[in-house]
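Listed below are the residues making up each chain.
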Amino acid sequence: MAAAGAVTTGPCAPVPAASRPPRPTPPRADPAARAVGGPALATRAQVRPAGTSAPPAVPATSWLVADLDSGDVLGGCGPHEYGTPASVQKLLLAATVLPTLDPRQVVTLTDGDLDIEPGSSAVGFAEGGRYRIETLWLGLLLKSGNEAANALARLGGGADGLPGGLRAMNAHARQLGAWQTHAATPSGLDGPGQFTSAYDLALIARACFADATFRRYDTTREVMIPAQPALGEKAFPIQNDNQLLYRYPGALGGKTGYTDLARHTYVGAAERGGRRLVVTLLGAEVVDKRGWEQCAALLDWGFGVPRGAAVGRLVNPGELTAGPSGTAATPPPLAAAGGPGRLDPAAHPWSRPLVAVSLAAVVAGLAGLLLALRHRPHDVRRRR
């Protein structure tokens, strides 16, 4: 069904007020970006296919339901409104880096990997511990380990380390068509200019669930974290925190998230009757249902929408080769800092464009001097 069959039915359900840090100012909305996936999606209101039942009222600032296979968007509320991701950001990390790393490789965790916000989610990996990359992925997806996110982004960034991993995440978001997404931290801990949208999260989730290795990791219920005898650390078990896996028939997995700024965020997917649907939620509050329960209610509604009924579609990877307005492929503009986090802007200069330009000029000048003096380009090393 074309987007012309869509109907808007008023604002999203009310979201109770909550104590939170000041909301960051999002980038200025590009009308073309808000219409990615179809003009019916360029709304702050609730939208569903004509002739379908009303979706359940969920206390979230924005949400979306889509078909993972066909790409049909079944409904949503403010699908292109900017939101703060919290730990659902880790799905972008997985979509970007998981295909590039050898899961059997054993790596050593550094003090930088363990430099996370006190009290934030962690697996319990040890500094100096040696773990298989597969173990890091399991820690990331089962326990939302922020130290695992730092390590995987560092490894995925190659010679450039964590900054390179973040640049890769942002480049991959643009390649997927997630033009409202900007990652400032790999874990989803709040950082400068970090935003996403319910629509973008569906694009990212679709890429993740297309990967068999991701699906295997994401549905793992329990795993043992190996002992580190050299450090005196014993083995210990971790369990998957995503309750959808245990309580919703046909659940395929997903990701939970929470910060004081973002509130509850959630991505969940399930299969029923040969259909695979995904739900994305941003800015949710727990009133009478937790995030996974809100997702379950929207999944039930989505499975009741007839096949082919849609209000838009998920664009395919690479479909938007330039910006939504036909402009060159550049990141969205950065906004104000998104609340407290462990990201040090001085250590991540791309979050401050003028500093990045200055650093680039200095590096270029030094590189040119070395080349002129030595006449050996292979002697110029990129700092690790």
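Computed from a predicted model, the values in this text were never measured in an experiment.

Calculation criteria
- Residues numbered from 1 in each chain as written.
- Predicted model: local features only at pLDDT ≥ 70, side-chain atom pairs only at ≥ 80, totals over all residues.
- Heavy atoms only, no water.
- Pairing = 2+ DSSP bridges.
- Helix = DSSP H or I, 4+ residues; strand = E, 2+ residues; numbered from the N terminus.
- Axes fitted to C-alpha atoms, helices over the stretch in contact; angles between N-to-C directions.
- Parallel < 35°, antiparallel > 145°, perpendicular 65-115°, else oblique.
- Left-handed = near helix turned anticlockwise from the far one by under 90°.
- Contact = heavy atoms within 4.5 Å.
- Nonpolar A, V, L, I, M, F, W, Y, C, P; charged D, E, K, R; others polar.
- Buried < 20%, exposed > 50% of the residue type's maximum accessible area, 1.4 Å probe, protein only.
- Disulfide = S-S within 2.5 Å.
- Salt bridge = Lys/Arg side-chain N within 4 Å of Asp/Glu carboxyl O.
- Expected span 1.5 Å × (residues − 1).
- Phe/Tyr/Trp six-rings, centres within 6.5 Å; stacked < 30°, edge-to-face > 60°.

A. Geometry of the pairing of strand β2 (residues 46–49). Here three bridges tie strand β1 (residues 6–8) to β2, and the two strands are oriented antiparallel to one another. Of the residues in β2, the one forming a bridge with V7 is R48. Pairing between β2 and strand β4 (residues 72–77): two bridges, direction antiparallel. Counterpart to Q46 in the pairing with β4 is C77.

B. A look at the packing of helix α3 (residues 133–143) against helix α4 (residues 146–156). Running from N to C, α3 and α4 point in directions that differ by 135°, and their axes come no closer than 9 Å. One way to sum up the angle between α3 and α4 is to call them oblique. Regarding α3 and α4, the two cross each other, and that crossing is left-handed. Taken together, the residues of α4 that come into contact with α3 (itself represented by I133, L136, W137, G139 and L140) are A148, A149, A151, L152 and L155. Split into classes, the residues belonging to the contact of α3 with α4 amount to nine nonpolar, one polar and no charged.

C. Quick peek at the pairing of strand β11 (residues 275–284). Among the ten residues that make up β11, ten are buried, leaving the element largely enclosed by the rest of the structure. Pairing geometry for strand β3 (residues 62–67) and β11, over six bridges, is antiparallel. Counted as the bridge partner of L64 is T280 from β11. Two elements, strand β10 (residues 263–272) and β11, share eight bridges in a ladder whose sense is antiparallel. The residue bridging A269 from the neighbouring strand is V278, located in β11. Following β10, the chain reverses through two residues before pairing antiparallel with β11; G273 in that reversal takes a positive phi of roughly 60°.

D. The arrangement of the state of the cysteines in detail. Applying the stated criterion to the full structure yields one disulfide. Two residues share a disulfide in this structure: C12 and C77, whose sulfurs sit 1.9 Å from each other. For the disulfide bridge between C12 and C77, the dihedral angle about the S-S bond is near -120°, and by the sign convention the bridge is left-handed. In this pair, C12 is assigned in the loop between β1 and α1 (31–34) and C77 in strand β4, connecting sequence segments 65 residues apart. Of the residues examined, C12 reaches a relative accessible area of 17% and is grouped as buried.

E. Structural view of the pattern of salt bridges. This structure, assessed with the given rule, holds 13 salt bridges. Of the charged contacts in the structure, one is a salt bridge between D241 and K143, with a shortest N-O distance of 3.1 Å. Linking D241 in the loop between β8 (236–239) and α8 (244–247) with K143 in helix α3, this pair joins segments that are 98 residues apart in sequence. With relative accessibility at 37%, the residue D241 sits in the partly exposed group. Classification of K143 by relative accessible area gives partly exposed; the value is 23%. Salt-bridge contacts for D288 lead to K289; the nearest nitrogen and oxygen are separated by 3.9 Å.

F. Fine view of helix α6 (residues 198–209). Taking 1.5 Å of rise per residue, twelve residues should cover 16 Å, and α6 covers 16 Å from first to last C-alpha, within 8% of that figure. A large share of α6 lies buried, amounting to eleven of its twelve residues.

G. Molecular detail of the packing of aromatic side chains. Enumeration over the complete set of coordinates arrives at four aromatic pairs. Ring geometry for W63 and W301: centres 6.3 Å apart, planes at 80°, overall edge-to-face. With W63 in strand β3 and W301 in helix α9 (residues 291–303), the pair connects residues that are 238 residues apart, well separated along the chain. Each member of the pair, W63 as well as W301, is classed as buried.

H. Here's a closer look at the environment of A95. Looking at the secondary structure, you find A95 in helix α2 (residues 90–97). What A95 contacts, discounting residues up to four positions off in sequence, is H172, I204, A207 and C208.

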